[in-house]
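# Summary of structural features
Given next are the chains, with one letter for each unit.
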Amino acid sequence: MRRAQRRLSRRHKGSKNREKAQRQLATAHYRVANIRRDALHKATATLVQTKAKSAEQVPTVVVIEDLHVTGMVKNRRLARAISDAGFGEFRRQLTYKAAQRGIDIVVADRFYPSSKTFHACGAVNHDLTLDQREWECPTCGAALDRDLNAAQNLAALATNNVPSVRRERNACGDSVSPGMTGQPSVKQESITML
Ligand SMILES: [Zn+2]
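Please read these numbers as outputs of a predicted model, since none were measured by experiment. (Residues numbered from 1 in each chain as written. Predicted model: local features only at pLDDT ≥ 70, side-chain atom pairs only at ≥ 80, totals over all residues. Heavy atoms only, no water.)

### Overview of the coordination of the zinc ion
Around the zinc ion, the donor atoms from the protein are C121 (SG), C137 (SG) and C140 (SG), and they sit 2.1 to 2.2 Å away. On the basis of relative accessibility, which here comes to 3%, the residue C137 falls in the buried class. You can call C140 partly exposed: its relative accessible area is 46%. (Donors = N, O, S within 2.8 Å, 3.2 Å for Na, K, Ca; no water. Buried < 20%, exposed > 50% of the residue type's maximum accessible area, 1.4 Å probe, protein only.)

In structure tokens form, the structure reads like this:
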């Protein structure tokens, strides 16, 4: 896409070659959009895969984080990576596919510090920066992988809080508090009617 863009900018206005470069750029845009959408479809389909080998592998709940995407995109270093990933489209696909399969989506509040909190001891590392992929718990000294620890925090939201939240019908999308102090608020996006 970048190459096609560069080629177009070097062609003279009104020339046949510019027209051709314009068509090539349009084709490149179309291809990239298709590749991206296809990759997202594969990823979201895998997450709600219900034809797993064993019953334990069939998800009943998928927890996602309500990231402040527009705020993050304002950070120039993150902007391209996040726009490329298509978070909005990812969430849209995941939500409708989960609904089709009777899988609940639990959305963790965007202010929930899933990366900064050590899932085992509960200590919060306020000094954690975005580029730190590994960190050490300031309280107990455990060595942690940033993404794995965040995923373990989110997984805990599904098992600890969902049963109490689940029976509440929350069609208007308000935040549902799990009713435990110190616990993050959890928003239920879709509720399965059995
Ligand atoms: Zn600790």
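### Observations concerning the side chain of R146
Structurally, R146 can be placed in helix α6 (residues 146-166). Of the side chains with opposite charge, D147 lies nearest to the buried R146, which makes no salt bridge, at 4.6 Å. Within polar-contact distance, the side chain of R146 engages the backbone oxygen of T129 at 2.9 Å. Residues within four places of R146 in sequence aside, it is in contact with S115, L128, T129, L130, Q132, R133, E134 and W135. (Helix = DSSP H or I, 4+ residues; strand = E, 2+ residues; numbered from the N terminus. Lys, Arg positive; Asp, Glu negative; His and termini not counted. Salt bridge = Lys/Arg side-chain N within 4 Å of Asp/Glu carboxyl O. Polar contact = N/O pair within 3.5 Å; in protein donor to acceptor, adjacent residues only side chain to side chain. Contact = heavy atoms within 4.5 Å.)

### Side note on a positive patch on the surface
Where like charges cluster on the molecular surface, the positive patch consists of R2, R3, R6, R10, R11, K16, K20 and R23. For the positive patch, the elements supplying multiple residues, two or more each, are α1 (2-10) and α2 (16-47). Relative to the elements of secondary structure, R23 occurs in helix α2. Judged by its relative accessible area of 53%, R23 falls in the exposed class. (Patch = residues over 30% accessible without salt bridge, like charges linked within 9 Å, V, L, I, M, F, W, Y side chains within 5 Å. Areas by Shrake-Rupley, 256 points an atom, 1.4 Å probe, with all protein chains shown as cover. Charge placed at Lys NZ, Arg CZ, Asp CG, Glu CD.)

### Thoughts on the environment of D131
Along the chain, the position of D131 falls in the loop between β2 (104-108) and β3 (134-136). In this structure D131 comes out as exposed when scored by relative accessible area, which is 54%. When the C-alpha atoms of D131 and R146 are compared, they prove to be 9.8 Å apart, with 15 residues separating the residues in sequence. Here the side chain of D131 touches T129 through a polar contact of 2.8 Å, side chain to side chain.

### Re the environment of A26
With respect to the secondary-structure elements, A26 resides in helix α2. Counting along the chain gives 21 residues from A26 to Q5, while the straight-line C-alpha distance between them is 9.6 Å.

### Digging into the pairing of strand β1 (residues 61-65)
Counting buried positions along β1 yields four of five residues, so the element is predominantly enclosed. Strand direction decides the pairing type here: β1 and β2, joined by five bridges, are parallel. Bridged to V63 within β2 is V106. (Pairing = 2+ DSSP bridges.)

### Considering α2
Here α2 spans 47 Å end to end across 32 residues, near enough to the 46 Å set by a 1.5 Å rise per residue. Restricting attention to buried positions, one finds in α2 the residues R18, A21, L25, A28, L40 and T44. (Expected span 1.5 Å × (residues − 1).)

### Things to note about the packing of α1 against α2
The contact between α1 and α2 brings their axes to 9 Å, and the two run at 160°. Between α1 and α2, the angle falls in the class roughly antiparallel. Considering only the axes of α1 and α2, their crossing is left-handed. Residue-level contacts link A4, Q5, R7 and L8 of α1 to R18, A21, Q22, Q24, L25 and A28 of α2. Per-class residue counts for the contact of α1 with α2 are five nonpolar, three polar and two charged. (Axes fitted to C-alpha atoms, helices over the stretch in contact; angles between N-to-C directions. Parallel < 35°, antiparallel > 145°, perpendicular 65-115°, else oblique. Left-handed = near helix turned anticlockwise from the far one by under 90°. Nonpolar A, V, L, I, M, F, W, Y, C, P; charged D, E, K, R; others polar.)

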